[in-house]
Each structure stands twice: as C-alpha cells, then as structure tokens.
Amino acid sequence: MTRVGDRLARDGGEPVRSRPFPSRSLYGEEAERLVLTALRSQNLFGMGGRMHDALEGELATFYGADHAIACSSGTAAVHVALAALDLEPGSEVITAPITDAGTVAPILFQQCVPVFSDVDRHYCMDPDDIERRITDRTAAILVVHLFGAGCDMRRIAELARSRGLALIEDCSQSHAVKLDDRWLGRWGHIAAFSMQQSKFMTTGDGGFVLTDNDAYARRMRAFRDKGWFRGEPGSRHYAILGLNYRLTELQAAVGLSQLPGLRQLVLRRQQLGGQLAELIQRVDGVSPQVPTPGSEHGYWQFPFEIDTGRWRPQTFAEALRAEGVPTGVGYTGDPIYICMRALADRRTFGSSGLPLTLENARPPAYGPGLCPRTEALLGRLLTLSINEGFDETDIEDMALAVEKVARLLPSRTPDRDQEEPEAAGEHRV
Ligand SMILES: *Cc1c(COP(=O)(O)O)cnc(C)c1O
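Please read all numbers here as calculations on a predicted model, not as lab measurements.

Visitor: Before we go on, may I ask you to explain the packing of aromatic side chains in this structure?
Guide: For any pair of aromatic rings, geometry is given as the distance between the ring centres together with the angle between the planes. In the structure shown here, the tally under the stated rule is 16 aromatic pairs. Where Phe193 meets Phe208, the ring centres are 4.4 Å apart and the plane angle is 10°; that geometry is what we call stacked. Linking Phe193 in strand S8 (residues 190–194) with Phe208 in strand S9 (residues 207–211), this pair joins segments that are 15 residues apart in sequence. Like Phe193, the residue Phe208 is buried in the burial classification. Each member of the aromatic cluster is reached from another via a ring pair, and the members are Phe62, Tyr63, Trp183, Phe193 and Phe208. Just above the ring of Trp187 sits the side chain of Arg182; from NZ or CZ to the centre is 4.1 Å. A cation over a ring is seen here: Arg218 above Phe229, with NZ or CZ 4.0 Å from the ring centre.

Visitor: Whenever I open this one, the site of the ligand confuses me. Can you help?
Guide: Near the ligand, the surroundings consist of 13 residues, among which Gly74, Thr75, Asp170, Ser194 and Lys199 are the closest. In this structure, Lys199 approaches the ligand through a side-chain N or O atom, which is 3.0 Å from an oxygen atom. For the ligand, whose unbound accessible area comes to 380 Å², protein coverage reaches 92%. Here the shell around the ligand is composed, by residue class, of one nonpolar, nine polar and three charged.

Visitor: Got a minute to help me understand the side chain of Glu323 in this structure?
Guide: Position of Glu323 among the secondary structure elements: in the loop between helix H9 (313–322) and strand S12 (327–329). Its relative accessible area of 0% is what places Glu323 among the buried residues. A distance of 2.7 Å separates the side chain of Glu323 from the backbone nitrogen of Ala9, its partner in a polar contact.

Visitor: Looking at this model, I keep getting lost on the packing of helix H3 (residues 74–85) against helix H7 (residues 214–223). Mind explaining?
Guide: Two measures define how a pair of helices packs: the angle their axes make with one another and the distance between the axes. Where H3 meets H7, the closest approach of the two axes is 9 Å, and the angle between their N-to-C directions is 125°. Comparing their axes, H7 and H3 come out oblique. By crossing handedness, the relation of H3 to H7 is classed as right-handed. Of H7, the residues touching H3 (which contributes His79, Val80, Ala81, Ala83, Ala84 and Leu85) are Tyr216, Arg219, Met220 and Phe223.

Rules of the game
- Residues numbered from 1 in each chain as written.
- Predicted model: local features only at pLDDT ≥ 70, side-chain atom pairs only at ≥ 80, totals over all residues.
- Heavy atoms only, no water.
- Phe/Tyr/Trp six-rings, centres within 6.5 Å; stacked < 30°, edge-to-face > 60°.
- Helix = DSSP H or I, 4+ residues; strand = E, 2+ residues; numbered from the N terminus.
- Buried < 20%, exposed > 50% of the residue type's maximum accessible area, 1.4 Å probe, protein only.
- Lys NZ or Arg CZ within 6 Å of the ring centre and 35° of its normal.
- Near = heavy atom within 4 Å.
- Polar contact = N/O pair within 3.5 Å; in protein donor to acceptor, adjacent residues only side chain to side chain.
- Areas by Shrake-Rupley, 256 points an atom, 1.4 Å probe, with all protein chains shown as cover.
- Nonpolar A, V, L, I, M, F, W, Y, C, P; charged D, E, K, R; others polar.
- Axes fitted to C-alpha atoms, helices over the stretch in contact; angles between N-to-C directions.
- Parallel < 35°, antiparallel > 145°, perpendicular 65-115°, else oblique.
- Left-handed = near helix turned anticlockwise from the far one by under 90°.
- Contact = heavy atoms within 4.5 Å.

Structure, rendered in structure tokens:
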C-alpha cells in the first residue's frame, strides 16, 4: 500500500480523499418506462394489478419459491411471516441482537416474546446459543442475515427441524446472496425481505415474503389484505385478523425494473467488498468481518473491528471521516434489546407492558449482560458504506485511509479516556 502523508487530516494533514464517493444509481430508463405504463393503465392498486402480480411471479421464479407475496415494507414482511404461524400469545421467538427494529416490533405486535441469541465470530446468531435459549415456550427462530452475509443455516435449519420449531429468515440485508449454492431465504419455512431505499433491491419502501408452504401463503396473502381471502369463493368474510400491508403498482413497477440486474449488483458488491477486506486485513489492529464459511457477502454494510486497546471507536471514526471516508460506529450502537426503548422500558401498549406481562410469559431481562459477545462486538465495530457504483480506486482510497489512521492515530491513554465522552457500544441506559 502506498503511504499518503504523515499527518492525519484531523491534525491539518492532507485528506486521503477529497471528492465524495459515488452514490447509488438505482432507477433507470426501464423503471421510468414501467412506472409510466403503470400510470397510464389508470390503476395503481396492487391486488390483481399487472405490475404487482408480475413482480410476485418473477420473485418466485428468481428465488425458486412456490409463492412470493409482496407487501409494503420489510417490517410488514416480517409481520406477515410471523402472522402466518398464528402463534399463541406469550410464545417465544428467538432472534438476533443486532438488527433493525423492524425485525423485533412484529414479534411484540403478535403478542410474542423476543428472545435474543448471542452472536458467533461471524456476527451471526450462534447456533449453539440459539439451542441454549430454547424453552418449552419457544415457537420460532427468526434469523437475520446481517450486513449482507448468511448465518450458519445448515446447523440452524437442522436445529429447527429437530426441535419442531418454525424457521423464518430476515433477508432484508442479503437479497440474492447464496450460502452453499442455495439462496439465503430458501433455508427456512418463510423468508422476509425489505425493499427500503438502502436495500439491494429497492422500491423506496416495500417488501415481500417467500414460502413453499401453501397454507402459510394463503394466510399471508390474507393478512396483508385486512384478513380477506380475496378471490376465494363465498361472500366477503374477513376470516382472520389482518392489516393493510399492500404494495402498489407504482412500487411494483420499480421492483420489476430491478430484478434483472439484481444478481449482477450483488456480485459486484461482493467483488468490491472482498477487495476492501483483503486490503484492510493487512493493517495492524484492524480486522474485517469474516463471513460464515460457505456464505457469499453482498456487503450491505462493510463492518470491521478495531483494537480498542489502542483506539476508541469514536476517535477512529472521526479520524476516518476527516480523511474523507464516511464511517459509522457500532451499527445501531447498542444491541437492539437496549436501543429499542419499547422493549427495554416495557413501553408497549399503554401501561400494560403486554405481551411481556402475560401470565405465561417469561421474558428475559432486556439490558446489559443479555448477550455479552454482542455487546463487546458492538463496542469494537465500525462500518463503511460501499456500493455497486464504486470502482477499484474508490476501494483503494478507503483502504488507504484506514491504513493511514491506524498508523498515525495515537494510542489511547488512560488519562485522556476519562475526559472523552462515551463511545457507542458503552451502554447509555
Ligand atoms: C431494513 C430492515 C428491516 C426493516 O425494513 P423496512 O422496509 O425499513 O421496514 C428489517 N430487518 C432488517 C434486517 C433490515 O435491515
């Protein structure tokens, strides 16, 4: 690696990077054409709509699933998936401690109890820890394929099978990513995807679920449509409790335009992220995420750990930002069971604390100590953002900045530490 300057930009040196990194370019001519077609059809309602039904069909084909069901967001997709299981209130759902609130909120809305499994060295839910947290109230495992790489689905699927548990995959950060030649999202009973703006395939907001189970599919179609089994014979009964989580023709049109390029996009990100990982793993004191063996990595985010014996994450991130490299600290900062206040403070429905206060519920104590490896990891974790529009020199600049900061940033001293504000990952509870 060539050496750039011997003074950090934060101390007045020349920054490694002065022009901005490329932003994503997502909506091209095909999206324009399809959106215009949708508008001119004078129908933007998704149910039975041409774009909507085509999108569901093409998603099912792409992933090789019997059913793809579109819905209005990733959160809605997780909710639709959980609703398909029709769980008893107070049932436990084991999920990831590092994720978006959209994974966890639907568990609470279904009157179930989130249980968090600690992470393994690949930042994914640890199969051994999942097993330890199974009780006689456990009904489902809801895995999250974090940052664009997969969990150890061979073991987790086997565990779910042997213990008779439902298995849902949250693939919001890992569209079109394979583990052992099988798509993530094709290992469990149901998979949920977000199509929010930042995700690989996006319609601004939106989502979908996949399943091969006909009964789940029927229930999920109805749940996203206020409980109505639309199109089935008989009068209009709202046969189950449901919500309106429908996707519109406009969003479906945009989604359709993206599917043909999706796999190429993921492969490009994997190549760029792989290049960055290779460059920065040579830097002393810095280590990029190592994906689960057998898993591809689409690098929705590029996470790496720093040696916190030497540097505070906040200080390291600020030095990188000064070099012109936008850097995040600790993803959500705290584990989701701490930063999601509804859970930590039991502020769910009025003052009831439901479902955590149900007579048969045994919620864990949502606070520091619940998942020690996760808490330690988040205290060392920084994230970079790459995308498919980068070229090799963009990646080299990022790596150069990391190398420069690691080489020149002074080691922390006990005295300074006491003066500095808390870094993310240290609990603000
Ligand atoms: C983005 C995301 C969600 C929520 O998706 P929305 O479309 O924003 O509702 C859920 N889970 C994970 C892992 C996500 O990354």
